[in-house]
Every structure is written in C-alpha cells, then in structure tokens.
Amino acid sequence: MQLSLVSLNMWKCEGEYDRRLRLMAEGLSNYSYDLLLGQEVYESEDFKRSSAAYLSAQLGLQPFFARARKKVRQVLGKNELGYSGLCIWSRKQPHQYKS
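Presented here is a report on the structure given in the accompanying data block. Note that the structure is a prediction, hence the values are computed from the model and not measured.

## Section: helix H2 (residues 51-59)
Right, on to step 1. Along H2, the positions that sit buried rather than exposed are Ser51, Ala52, Leu55, Ser56 and Leu59. Down the axis of H2, the buried side of the element spans an arc of 130°, and every buried residue falls inside it.
Right, on to step 2. On the buried face of H2, the contacting elements are helix H1 (17-28), strand S2 (35-44), strand S3 (62-75) and strand S4 (78-90).
Right, on to step 3. Among the residues trailing H2, Gly60 stands out with phi positive, at a value near 70°.

## Quick look at the packing of aromatic side chains
Right, on to step 1. Counted under the stated rule, the structure contains one aromatic pair.
Right, on to step 2. In this structure, Arg91 is placed above the aromatic ring of Tyr33, and the distance from its NZ or CZ to the ring centre is 4.4 Å.

## Structural notes on the pattern of salt bridges
Right, on to step 1. In the structure shown here, the tally under the stated rule is four salt bridges.
Right, on to step 2. Arg67 is the partner of Glu43 in a salt bridge, and the nearest nitrogen-oxygen pair spans 2.8 Å. Of this pair, Glu43 sits in strand S2 while Arg67 sits in strand S3, and the two are 24 residues apart along the sequence.
Right, on to step 3. The buried category is assigned to Glu43, whose relative accessible area is 9%.
Right, on to step 4. We classify Arg67 as partly exposed; its relative accessible area is 32%.
Right, on to step 5. Of the charged contacts, one joins Arg49 and Glu80 as a salt bridge, the two residues approaching to 3.2 Å between their closest N and O atoms. Within this pair, whereas Arg49 is found in the loop between S2 and H2, its partner Glu80 is found in strand S4, the two being separated by 31 residues in sequence.
Right, on to step 6. Looking at Arg49, the relative accessible area reads 22%, which means it is partly exposed.

Basis of the calculations
Residues numbered from 1 in each chain as written. Predicted model: local features only at pLDDT ≥ 70, side-chain atom pairs only at ≥ 80, totals over all residues. Heavy atoms only, no water. Buried < 20%, exposed > 50% of the residue type's maximum accessible area, 1.4 Å probe, protein only. Helix = DSSP H or I, 4+ residues; strand = E, 2+ residues; numbered from the N terminus. Arc of directions from axis to C-beta. Contact = heavy atoms within 4.5 Å. Phe/Tyr/Trp six-rings, centres within 6.5 Å; stacked < 30°, edge-to-face > 60°. Lys NZ or Arg CZ within 6 Å of the ring centre and 35° of its normal. Salt bridge = Lys/Arg side-chain N within 4 Å of Asp/Glu carboxyl O.

The analysis is restricted to geometry; functional conclusions fall outside its scope.
As structure tokens, then:
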C-alpha cells in the first residue's frame, strides 16, 4: 500500500492567524494526499479557535490532534490561553487503512 503525505509547520497562532489559515486551506486543496501532518497546530483552551478543526472542515479531513504545550499567547492582538501540538489529518477513517 502506498501513502502520500504533506507535512506543514503551522506556526501556532503567530502573525495574521486567520489569513494564514485561509491560505493554508486554499493551498492544500490543490494537492492530492492521504495524510496531512501538522506541527505547531494551535487550539484555544475554550475550543473557540482550532487550526485542526478549521482545516478539517475546509478540506474534509478527519483530525487526530494531540495537545502539547499550554501557554498564554497573543492571538490577533489579544491574550489567549491555548495549546500548540501535533495533528494528523486523514482522508480515510483509521479502519480503512489496511496493509
């Protein structure tokens, strides 16, 4: 079985966060891949902001997010408690991958 993947450093919630997420979704929609691997994926503690959920909704992928570093960060000019972590997005459900 062959798998194709894309790896992306999402740069947490730095800079123009919302704009970067839109650009990532637009760019990633142009490629064919089985798995998307993300590092420095951001999620607010209250779940109101989630890079994993956003890309999942935009690209139709199943996310598997692992929260890691908890920290207060500047998000769009405001302090926000959240996590950076790792995420694997899949086009298929886990049971669909067979060797």
